[in-house]
Amino acid sequence: MRLPLRSWTQQTLAAMLMLSLLLPYGAKADSPQTISYPKFSQRSEYFEKVLALALTKTENEYGVSKLRPYERELSNERLRRYLQDKQYIDVMWSTATKQRNQTLRPVKFDLLQGLGQYRFLLVQAGDSKRFEEINSLRQLRQFSAGSGTYWSDTKVMRYNGIEPVTSVNHSLLPMLAAGRFDYLSRGAHEVWSELAAHANQFELLNNVILKYSCRYFFYVNKDNVELAERLEKGLYLALNDGSYNQLFFSESDFKQGWDKLNELTPASVITLNPPKD
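What counts and how
- The written sequence of each chain sets the order in which its residues are numbered from 1.
- In keeping with the predicted nature of the model, local features appear solely for residues at pLDDT of at least 70, side-chain atom pairs appear and are counted solely at 80 or more, and the whole-chain, interface and lining totals rest on all residues.
- To obtain the side-chain values, all non-hydrogen atoms of the structure were used and water was disregarded.
- Pairing of aromatic side chains here covers Phe, Tyr and the six-membered ring of Trp, requires ring centres within 6.5 Å, and sorts the geometry by plane angle: under 30 degrees stacked, over 60 edge-to-face, intermediate tilted.
- Counting from the N terminus, the helices are the DSSP runs of H or I reaching at least four residues and the strands are the DSSP runs of E reaching at least two.
- Using a 1.4 Å probe on the protein chains alone, a residue whose accessible area is under 20% of its type maximum counts as buried, one over 50% counts as exposed, and one in between counts as partly exposed.
- Residue contacts follow a heavy-atom distance rule, with two residues in contact if any of their heavy atoms lie within 4.5 Å.
- Strands are labelled as partners when DSSP assigns at least two bridges between them.
- Simply put, an axis is a line fit to the C-alpha atoms, just over the touching stretch for a helix, and the angle between two N-to-C directions goes from 0 to 180 degrees.

Let's shift gears to the packing of aromatic side chains. Between two aromatic rings, the relevant description is the distance of the centres plus the angle of the planes. Counted by the stated rule, this structure contains 19 aromatic pairs. Taking 6.2 Å as the distance between ring centres and 75 degrees as the angle between the ring planes, the aromatic pair formed by Phe 47 and Phe 218 counts as edge-to-face. Taken together, the positions of Phe 47 in helix α3 (residues 44-57) and Phe 218 in strand β10 (residues 216-220) put the pair 171 residues apart, joining distant regions of the chain. With a centroid separation of 5.2 Å and 20 degrees between ring planes, the pair formed by Tyr 70 and Tyr 88 is classed as stacked. Taken together, the residues Tyr 70 in strand β2 (residues 65-70) and Tyr 88 in the loop between α5 (76-84) and β3 (91-95) connect sequence positions 18 residues apart. Judged by relative accessible area, Tyr 70 falls into the buried class, the value being 11%. Judged by relative accessible area, Tyr 88 falls into the partly exposed class, the value being 48%.

The following block contains the structure:
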């Protein structure tokens with residue numbers, strides 16, 4: 001019995017749809033999966049390379065994908081809300097906190113390989129002599145700190161008895177230059193570009209660095225289990241075959257951070273306790 005053309009077409013389309021649902025992810029991805037990330041977040045060029053590396057490592061299992069930058073310059077706080085609401089971006093990178101791990105889905109791989117737990121203290125050029133005798137948190141509390149309004153550092157400092165002067169990120173260096181506070185705490189992976197951009201204006205303390213438990217994760221929407229699993233698999237594959245560390249240490253700021261830490265004595269490290277919440 002011959003089916004009418006319209007009926008045959010409808011049944012064929014239905015069968016094709018059912019088949020596509022049964023195929024593994026990689027087999028049904030005829031066109032690349034598009035993954036959007038924030039273009040203007042900190043170190044977006046580096047983290048775009050990390051994303052591309054993780055996605056490439058998992059192409060055989062999950063299929064081909066491509067990255068698309070979201071080109072609006074927004075605060076990390078706004079970007080986290082977008083990600084939580086499934087708007088505009090599919091992934092971002094951020095310091096890991098308990099609250100973020102609850103509202104978003106973390107990819108549990110430390111993107112900074114432990115480097116993010118160290119903080120160098122940036123002061124005005126020529127001002128380091130005032131800090132020469134510091135070797136304890138009690139002594140450090142005698143000096144005023146600057147920190148970002150939404151930085152994890154701010155919460156950690158307050159928990160350890162340091163009440164920092166806070167502002168949006170781009171205002172902090174001008175505030176330090178103007179003497180609004182005595183020092184600015186900056187990550188061992190990020191301070192070098194700031195020193196280079198403000199030559200002869202600031203310097204690092206060589207006798208004091210801060211340390212507290214801190215990891216840096218990729219985050220996706222809470223419901224995006226597949227992307228989180230894919231990124232985690234890809235990152236660990238890259239770590240195991242050496243390609244992650246090759247990319248990581250190709251960043252001069254990261255390498256410089258590790259080199260500087262290796263020069264310092266353990267006595268220069270002041271360990272801060274992380275907040276309980």
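Text resumes after the structure shown.
Before going further, it helps to spend a moment on helix α8 (residues 152-159). Owing to its 3.6 residues per turn, the α-helix brings residues three or four apart onto one side. All of the buried residues in α8 are Ser 152, Asp 153, Thr 154, Val 156 and Met 157. Of the surrounding secondary structure, the elements contacted by the buried residues of α8 are β3, α6 (98-103), β5 (118-124), β6 (145-148), β7 (165-167) and β8 (183-187). Note on α8: the residue one or two positions beyond its end, Gly 161, has a positive phi of about 85 degrees.

Attention now goes to the pairing of β5. As a general feature of sheets, a regular strand has side chains that alternate between the two faces. Among the seven residues that make up β5, six are buried, leaving the element largely enclosed by the rest of the structure. Across six bridges, the pairing between β5 and strand β9 (residues 202-211) is antiparallel. In the strand pairing of β9, Arg 119 is matched with Leu 210.

Okay, the sheet that holds strand β4 (residues 105-107) next. Spatial ordering of the open sheet is given by β3-β10-β4, a layout of three strands whose pairing is antiparallel. Among the strands making up the open sheet, the edge pair consists of β3 and β4. Between one strand axis and the next, the sheet turns by 40 degrees as a mean value, whatever way the strands run. Summarising the sheet, β3 and β10 pair through five bridges and their orientation is antiparallel. Its bridge partner being in β10, Met 92 is matched across the sheet by Tyr 219. The sheet strands contacting α5 are β3 and β10, and the helix crosses β3 at an angle near 130 degrees. Contacting β3, β4 and β10, helix α11 (residues 225-241) runs over the sheet at an angle of about 15 degrees to β4.

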